[in-house]
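As a plain string of letters, each chain reads:
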Amino acid sequence: MCGIVGYIGREGQEDARDVLVGGLENLEYRGYDSAGLALSNGDLTVVKREGEVTELVSALEENNPGAAPVGIGHTRWSTHGEPSDANAHPHTDCSDDVAVVHNGIIENYEQLKAELRADGHQFESETDTEVVPHLIEAALKRGADRESAFRSAVDRLEGSYAIAAVFEDADDVFAARQDSPLVIGVDEGGYYLASDVPAFIDHTDQVLYLEDGEFARLTPETVGISDADGRPIEKSLATVEWDAEDAGKSGYDHYMLKEIHEQPRALRKCLRGRVDGIERTVDLDLELDDVGGVHLVACGTSYHAALYGAQTLRSQGIPAQTFVASEYTRSSLAGQSPLVIGVTQSGETADTLGALRTARAAGARTLAVTNTVGSTAARECDQALYVRAGPEIGVAATKTFASQQIALHAFALWLGEGMVDSDQIDALRTLPDHVQSVLDDSNARNVAREYVDASAFFFIGRGYNHPVALEGALKLKEISYEHAEGFAAGELKHGPLALMEDDAPVIAVVTGDDERARKTVSNVKEVQARGAPVIAVTDGRSDVEQYANHVLTVPETEPVLAAVLANIQLQLFAYWIAAELGRPIDKPRHLAKSVTVE
Ligand code: F6R
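Let me begin by describing the structure that accompanies this report.

Conventions we followed
Residues numbered from 1 in each chain as written. Predicted model: local features only at pLDDT ≥ 70, side-chain atom pairs only at ≥ 80, totals over all residues. Heavy atoms only, no water. Buried < 20%, exposed > 50% of the residue type's maximum accessible area, 1.4 Å probe, protein only. Helix = DSSP H or I, 4+ residues; strand = E, 2+ residues; numbered from the N terminus. Pairing = 2+ DSSP bridges. Axes fitted to C-alpha atoms, helices over the stretch in contact; angles between N-to-C directions. Parallel < 35°, antiparallel > 145°, perpendicular 65-115°, else oblique. Contact = heavy atoms within 4.5 Å. Nonpolar A, V, L, I, M, F, W, Y, C, P; charged D, E, K, R; others polar. Left-handed = near helix turned anticlockwise from the far one by under 90°. Core = buried A, V, L, I, M, F, W, Y, C linked by side-chain atoms within 4.5 Å.

Below, the discussion takes up the pairing of strand β19 (residues 339-344). Residues in a regular strand point their side chains to alternate faces of the sheet. Buried residues dominate β19, accounting for six of its six residues. By the alternation rule, side chains of β19 split into Leu339, Ile341 and Val343 and Val340, Gly342 and Thr344, which are all buried. Across four bridges, the pairing between strand β17 (residues 294-298) and β19 is parallel. In the strand pairing of β19, Leu296 is matched with Ile341. When β19 meets strand β20 (residues 365-370), the two strands line up parallel, connected through six bridges. Note that in β20 the partner of Ile341 across the bridge is Leu367.

Structure follows, in structure tokens:
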């Protein structure tokens, strides 16, 4: 997804170019297809290239724009127009006096472009963004100063945007946001602007979050934030609780592997202060009365966490339904007034924000379950429950999924309101150690090596293990590019059995020894009878091992938590298949960390 960086240094401070290139590198994890910079040092120099930031750096070396105190940069993920140098940001006006970067979608750009063309403006790209510098240029020609020209251009836009602009011969940066995040970083050396904190976390942890409808002007001495009518807004600095070390790979080959291994710590953080082992209670800092029912809305991996969360809520007697966020409409709420929970690690997923807004418009109470403090979901919902997984740089969600599972499980226990069964409390408290033992003892790497040439992978599970099977398949397909599908184990015989082949393993998640486990073992036998190899993920309580070619074991625990442990094995399996295939694991193709378009 697109990323924005901006910098303005105080006198004698760092060259904007180095800060911006560093910021763009820090944003690479979001996924992008081109990158560019605009530097202002009396002249305005724009350099942009299709491809990686390294291509941009080579181009900068060739162009040598000289030191500049101010600039903006962008990584683009195409929405309008193919990836190309011309479509890369920044975009400029006809006379190259103003440069603009933009995240989001300008819905009325065709109409604006037609209007501007009729007035003689020339366009060089197929993007929606390019209308913005031309609108600014038009306003400047009408006699507006830079700030009013920027504001009047933004006023004309319909859609979603985080926008930053710099001008020739001026040392300030203008910014505005609507439905797309922007944050300002502050240190003694200068001011930073970014769509995501990791862009400047190497420099400062002191931030100001911009809200929808707000404008900012950054100068070497100050940051001025104002509302749509130009009234100044006072904001206090917030401290981001990540440091650069948190955002590094710490010796692992990939962020994804590092983040898989961070799960014991992430889960400890998620549970800290929330589970009381003596009183046997779960305490969350939320205020919610009379919750008659719950709707969970989410996408992708978060949707799988939501499916799991709905089961834990129902196990506490709370009616709960899960919806793919993009399918959530007013009619989903018909006759009900549920609490609507948006499950979203980034807090910026457009589909999930859309579903939450639908719910709010219908008068429903909303709760964000998110990893990102200050995200749009957290700010727009009535309340937020943070999953506390820490920064997740790998595009494929891993530790945020486990933390979402546990935050939702804790939420269900909390909403259930009673004293919690001591076995449940003990199991929760020992979960991080159990996760650690899965990580220490896993043979997923060896098993993965056996199946690197498989033609497809099928994942099955029941109950809490059903969302885990779906997630196992999603994780594998997104990072390995291999065909993988997850099913409710009982559904196999309703069609997918036709796909069984001797080179397409079935990964069966079977924990516990109840009726569900026994039925899944029967499904495993059906698969085996049709020649498919079986990999069982099991706590050893059923006899599934007898029918499996390979086994990935997890410690015995409560059924609801066994599913969390099983997922760790599936994450490792997916990782090692992708590693064997030499895939770019942290930045898989066609996938972005936060998907801010619908
Ligand atoms: C999968 C993945 C995506 C996200 C989905 C929702 O690894 O990362 O499927 O889970 O785009 O993102 P969030 O949780 O940020 O709303």
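The next point concerns the packing of helix α11 (residues 399-416) against helix α16 (residues 559-580). The packing of two helices is summarised by the inter-axis angle and the distance between the axes. α16 packs onto α11 with a crossing angle of 175° between their chain directions and a minimal axis gap of 10 Å. The angle between the axes of α11 and α16 places the two elements in the roughly antiparallel class. Packed against α11, whose contacting residues are Phe401, Gln405, Ile406 and His409, the element α16 presents Val560, Leu561, Ala563, Val564 and Asn567 at the interface. Residue composition of the contact of α11 with α16, by class: six nonpolar, three polar and no charged.

A word on the packing of helix α7 (residues 263-271) against α11. Interaxial distance between α7 and α11 falls to 9 Å at its minimum, and their mutual angle equals 30°. The angle between α7 and α11 falls in the class roughly parallel. Where α7 crosses over α11, the two elements pack in a sense that is right-handed. Taken together, the residues of α11 that come into contact with α7 (itself represented by Gln263, Ala266, Leu267, Cys270 and Leu271) are Lys399, Ala402, Ser403, Ile406 and Ala407. Per-class residue counts for the contact of α7 with α11 are seven nonpolar, two polar and one charged.

This brings us to the nonpolar core. Core analysis: the largest hydrophobic core is formed by 91 residues, its most contacted members being Val294, Leu296, Phe411, Phe457 and Phe573. Those residues in contact with Phe573 that lie beyond four places of it in its chain are Ala444, Val447, Ala448, Phe457, Leu476, Ile507 and Ile535. Membership of the second largest hydrophobic core comes to 27 residues, among which are Ala35, Leu37, Ala68 and Val207.

It is worth spelling out the sheet that holds strand β25 (residues 534-538) at this point. Reading across from one edge, β23-β22-β24-β25-β26 is the order of the five strands in this open sheet, with parallel pairing throughout. The sheet is open, and its two borders are formed by β23 (484-488) and β26 (550-553), each paired with just one other strand. The sheet shows a mean angle of 20° between the axes of neighbouring strands, taken without regard to direction. Taken together, the five bridges between strand β22 (residues 457-461) and β23 define a ladder with parallel strand orientation. In the strand pairing of β23, Gly461 is matched with Ala488.

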